[in-house]
Amino acid sequence: MKPRYAFFLFILFSSALCYSFITDDDPLKVFLAKLDRYRNNYPQEKVHIHTDKPYYSIGDTIWFKSYVVSAESNQLSNLSKILYVELINEKDSVKKVLRLSVIAGLSWGDFTLADSLTEGNYRIRAYTNWMRNFDEAYFFDKTIKIGNSLSSEVVSNVNYTYTKTGVREHVDADVVYTTIKGEPLKNREVSYDIELDHRNILKGTGKTDSLGKLKIKFTNAQPFVLKSGKINTYIKLNEKSLVKKSFPVKTTSASADVQFFPESGSLVTNIRSRVAFKVVGADGLGKTVTGYVTDQDGATVSEFSSEYAGMGTFLFTPLKDKIYTAVVKFDDGSEKKVDLPAASETGYVISIHDSGAENIVVKVIAAKALNNDELILIGQANGLTHFMARNKLSNNVLSAVVPKKRFPGGVIQFTLFNSSYQPLAERLVFIRHPNALNLTLSTEKPVYSKREKVKMAFRALDSAGKAAQGSFSISVTDETQVPFDDSREVTILSNLLLSSDLKGYIENPNYYFTDLSPAKDRALDNLMLTQGWRKFEWNTITSENFPALVFEPEKTLTISGKIVNPDSSPAPGAKVTLLSSAGTGMVLETLTNSQGQFGFDSLMFNDSTSFIVQARNFKGKKNVEILINRNLQHIVTKSQNAASVEINVNQSLLPYITTRNQQFAEMRQNGLLRRSIVLEEVKVTEVKPKVKNSSNLNGAGNADAVVTAAELKDCQNLAFCLQGRIAGLVVQNGIAYLTRSMYSSFSGPVPMQLVVDGVYVDPSYLSILNPSDIETIEVLKGISNTAIYGLRGGGGVLIITTKRGERNMTSRSFAQGIAAYSPVGYHTARQFYSPKYDTSPSGMPDWRTTIFWAPNVLTDTDGNASVEFFTADKPGTYKAVIEGLDLKGAVTRQVYRFSVK
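Residues numbered from 1 in each chain as written. Predicted model: local features only at pLDDT ≥ 70, side-chain atom pairs only at ≥ 80, totals over all residues. Heavy atoms only, no water.

Peer 1: What am I meant to see in the sheet that holds strand S13 (residues 189–196) here?
Peer 2: What links the strands of a sheet is backbone hydrogen bonding, and the strands pair in either a parallel or an antiparallel sense. What the four strands build is an open sheet, ordered S14-S13-S16-S17; its pairing is antiparallel. Among the strands making up the open sheet, the edge pair consists of strand S14 (199–207) and strand S17 (241–249). Neighbour to neighbour, the strand axes of the sheet diverge by 15° on average, direction disregarded. With eight bridges joining them, S13 and S14 adopt antiparallel strand pairing. (Pairing = 2+ DSSP bridges. Helix = DSSP H or I, 4+ residues; strand = E, 2+ residues; numbered from the N terminus. Axes fitted to C-alpha atoms, helices over the stretch in contact; angles between N-to-C directions.)

Peer 1: When you look at the sheet that holds strand S6 (residues 82–88) in this model, what are you seeing that I'm missing?
Peer 2: Taken in spatial order, the five strands of this open sheet run S4-S10-S9-S6-S7, and their pairing is mixed. Two strands lie at the open edges of the sheet, namely strand S4 (55–57) and strand S7 (94–101), each paired on one side alone. Recorded for the sheet is a direction-independent mean angle of 25° between the axes of neighbouring strands. Judged from the seven bridges that link them, S6 and S7 form a sheet pairing that is antiparallel. Bridge pairing links Leu87 to Lys96 in S7.

Peer 1: Explanation requested: the side chain of Asn232 in the structure shown.
Peer 2: Position of Asn232 relative to the elements: it lies in strand S16 (residues 229–238). Within polar-contact distance, the side chain of Asn232 engages the side chain of Glu195 at 3.5 Å. Reaching out from Asn232, the side chain makes a polar contact with the side chain of Ser246 at a distance of 2.7 Å. Excluding its chain neighbours within four sequence positions, the residues that come into contact with Asn232 are Ser191, Tyr192, Asp193, Glu195, Lys244, Lys245 and Ser246. (Polar contact = N/O pair within 3.5 Å; in protein donor to acceptor, adjacent residues only side chain to side chain. Contact = heavy atoms within 4.5 Å.)

Peer 1: Is there a simple way to think about the state of the cysteines in this case?
Peer 2: Disulfide: a covalent bond connecting the sulfur atoms of a pair of cysteines. All told, the structure shown has one disulfide when counted by the stated rule. Linked covalently through their sulfurs, Cys715 and Cys721 form a disulfide whose S-S length is 2.0 Å. Disulfide Cys715 to Cys721: torsion about the S-S bond roughly 115°, handedness right-handed. Each of the two residues, Cys715 as well as Cys721, counts as buried. (Disulfide = S-S within 2.5 Å. Buried < 20%, exposed > 50% of the residue type's maximum accessible area, 1.4 Å probe, protein only.)

Peer 1: Which parts of the structure should I look at to understand the pairing of strand S19 (residues 273–281)?
Peer 2: Note on strand geometry: in a regular strand, side chains alternate between the two faces of the sheet. Among the nine residues that make up S19, nine are buried, leaving the element largely enclosed by the rest of the structure. Both faces of S19 are covered, namely the face carrying Ser273, Val275, Phe277, Val279 and Gly281 and the face carrying Arg274, Ala276, Lys278 and Val280. Pairing geometry for S19 and strand S22 (residues 311–316), over six bridges, is antiparallel. When the sheet's bridge partners are listed, Ala276 is paired in S22 with Thr313.

Peer 1: Whenever I open this one, the environment of Glu136 confuses me. Can you help?
Peer 2: Note on placement: Glu136 falls in the loop between strand S9 (120–127) and strand S10 (140–147). Along the primary structure Glu136 and Lys503 are separated by 367 residues, whereas in three dimensions their C-alpha atoms are 9.8 Å apart. Excluding its chain neighbours within four sequence positions, the residues that come into contact with Glu136 are Arg125, His634 and Thr637.

Peer 1: It is not clear to me how the pattern of salt bridges should be interpreted in this structure. Could you clarify?
Peer 2: Tallying each qualifying case throughout the model produces 39 salt bridges. The closest approach of N and O atoms between Lys638 and Asp197, which form a salt bridge, is 3.9 Å. Residue Lys638 is located in the loop between strand S41 (625–628) and helix H5 (649–652), and its partner Asp197 is located in the loop between S13 and S14; the two are separated by 441 residues in the primary sequence. The class for Asp197 is partly exposed, based on a relative accessible area of 26%. When the shortest N-O distance is used, the salt bridge between Arg893 and Asp486 registers 3.5 Å. On the criterion of sequence distance, the pair formed by Arg893 in strand S54 (residues 891–900) and Asp486 in the loop between strand S35 (470–478) and helix H2 (492–497) is long-range, its members being 407 residues apart. Residues participating in the shared-partner salt-bridge network are Glu263, Arg274, Arg427 and Asp525. (Salt bridge = Lys/Arg side-chain N within 4 Å of Asp/Glu carboxyl O.)

All quantities given are derived from atomic positions and should not be read as evidence of function.
So this is what it looks like as structure tokens:
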């Protein structure tokens, strides 16, 4: 890629504009070339997920659109063609993973929230394989609340209070239990257990009082080790009903962390500096404080008060040999003293502030002893340089007015270097371009009737007022049923322009993009001054000690591996056959190379496809082992957004839960509610079924007989062990038959079809399967169970699920020369259902909360697009949210409201 800097360099520090020619051997050119090499070798990607709603209930579907963009331009990325989207529960366990085919940076899909899930705080995490080379802090990671409308008998609420004795931290949890109608559950027995960092520290019992209240007390004796956890409670409704309610314990302390951040990194004596501060509670959320700064003589030199999220700034001039202490005052009247960072007698300060809507003022101030040093100031974003300046200091202050149009919207990193290109000071700035992409939305009228057609049109214009072509996703919800504060949402603006470039938790990032004002801009600058940020270290650039790349950008689905002989040596020239068990009946063949390696690429299969890999050495013998390359899912670490976890999920979603509960009840009465497991609330939670991970087309466990691993405990030969165990099943010469099919065909006995982990295999493989590897065997004999298998089920079916037969990115070999592989294939997105009452009238109630969802609306060459949908039965305010970007990478989000009477 051609370097994006000119050979003439603006020297913006001088009073008059001048130029400096950069020769080939100029150290600045060498340094910039290194920066370009890093950027070219390590192109960064970002991911954004737009969901149809901010929260959900079990029984709902999460509809989403994904955008994969280049970090340096926010243009849609062509680097990765596959995206992983995961639904993760509070235990940091992946409940569902989707593998999406990404076309021109775009894809969409859906998660159905099965009733085997429990209410709680979940995460949607998304990343490409290429992004795994870098810090996972830059993955897309959004916390969503999921309540339980299907069987909400109990609504609970907890409040915590904290005290401390020495190092021991004491927690009082005041729990209130009510019915969904608000009636207290009084005089009910409750048992509970308390976990901190997965350690059980206390168990107990109690009884609710006349108001449904219960007080639970516990002590954290090891706060330096145990930080957070949960309280599990079990309230007894009657002799047959026990309801489980869990509450996150985000912290066991009311303490707060106070940090001070001098602008650009350090304080320098006799230089007036801005100092930012951040006060965060043990729960990770900002605290409101006031305070003042004193020197060692007790003189007050500055005062301060926090603005948004516990952050703020103050100005003061540190003097030589002075020690400064901040006295921080909290809302409860308590105080905390914190020493400010010590000031240095030498050094530099970068000061940057807004100068109206068009420019920023950059000022470098140096200690007088450093005059005449050559300095280089670079402003870059994601490795792409947008600003450079070089000059020698003739006095201790240099300043320049820099147009904002030089920079893209988002986080810009200014770094000051000396002549040896060692970083001296650093400052982050947020550049806002509010009119980069303008959307105008309109409907034909502001008020509609129930079940009336709505035509919504919008037009996209760029900053120059020209038509913009782009891709957009549109969600229309009934805001009366789904109320939400926009400042708490994760949006394309807050994610692509802010969160994806800052490391660490940001409290309500969309706050900085709603109802813009000077106060919001000031709060955003406070965030720039206090938030940690390191996508790379400068010494990595200067030394060119670039990290090794482990994960390649995925372009297609591939299956690869290695064939080895019994002595583990490679098997060159081996014939490898890949057979799919469903879909198009894929059969592919290849030969291994000199290292015994093989590969099948450019594959297309969905996420219900399983494979058999067969191998024979060059002599045609099957005594080889198949080692399939495993592309394991990325490990799940603790969420960096843990502070956004909601303690009282169902209580916080009570209006939505109540409405959905009523809707589900009526749907159940009308036979419209499909449930995978009919659960009453928490009588059982996330039950492990008797038959797990089964490929049975009738549903797991729906068989005439089931043989479990326990029954095969002492079995040495599977064919022998099945003989006589199942009525009507016989085994001859290692092949299973049903007695009814042995003499029912003129062409001879019909063997039972063998299905291993979803893969159809030859009936003769029964004898070579290792019984210790088997989890369950489902026997299908009757026509009601075999009919779904068609001709293959004519002789009966044996569904064998191995102990590692779950669908994942791994494989297993159950005989020489043959291996089963169940990878995650492409997710096939479902079509969002939107009724058409003008052509298909219906008498059924319409309770939709998501009224309309369109994941990929494209504007034409004039920047225009439109959608049509019908309103539902409930009156209220409808909220349309549109997110997207144009071909230049400009991002936008617009909200439009109209009424239904």
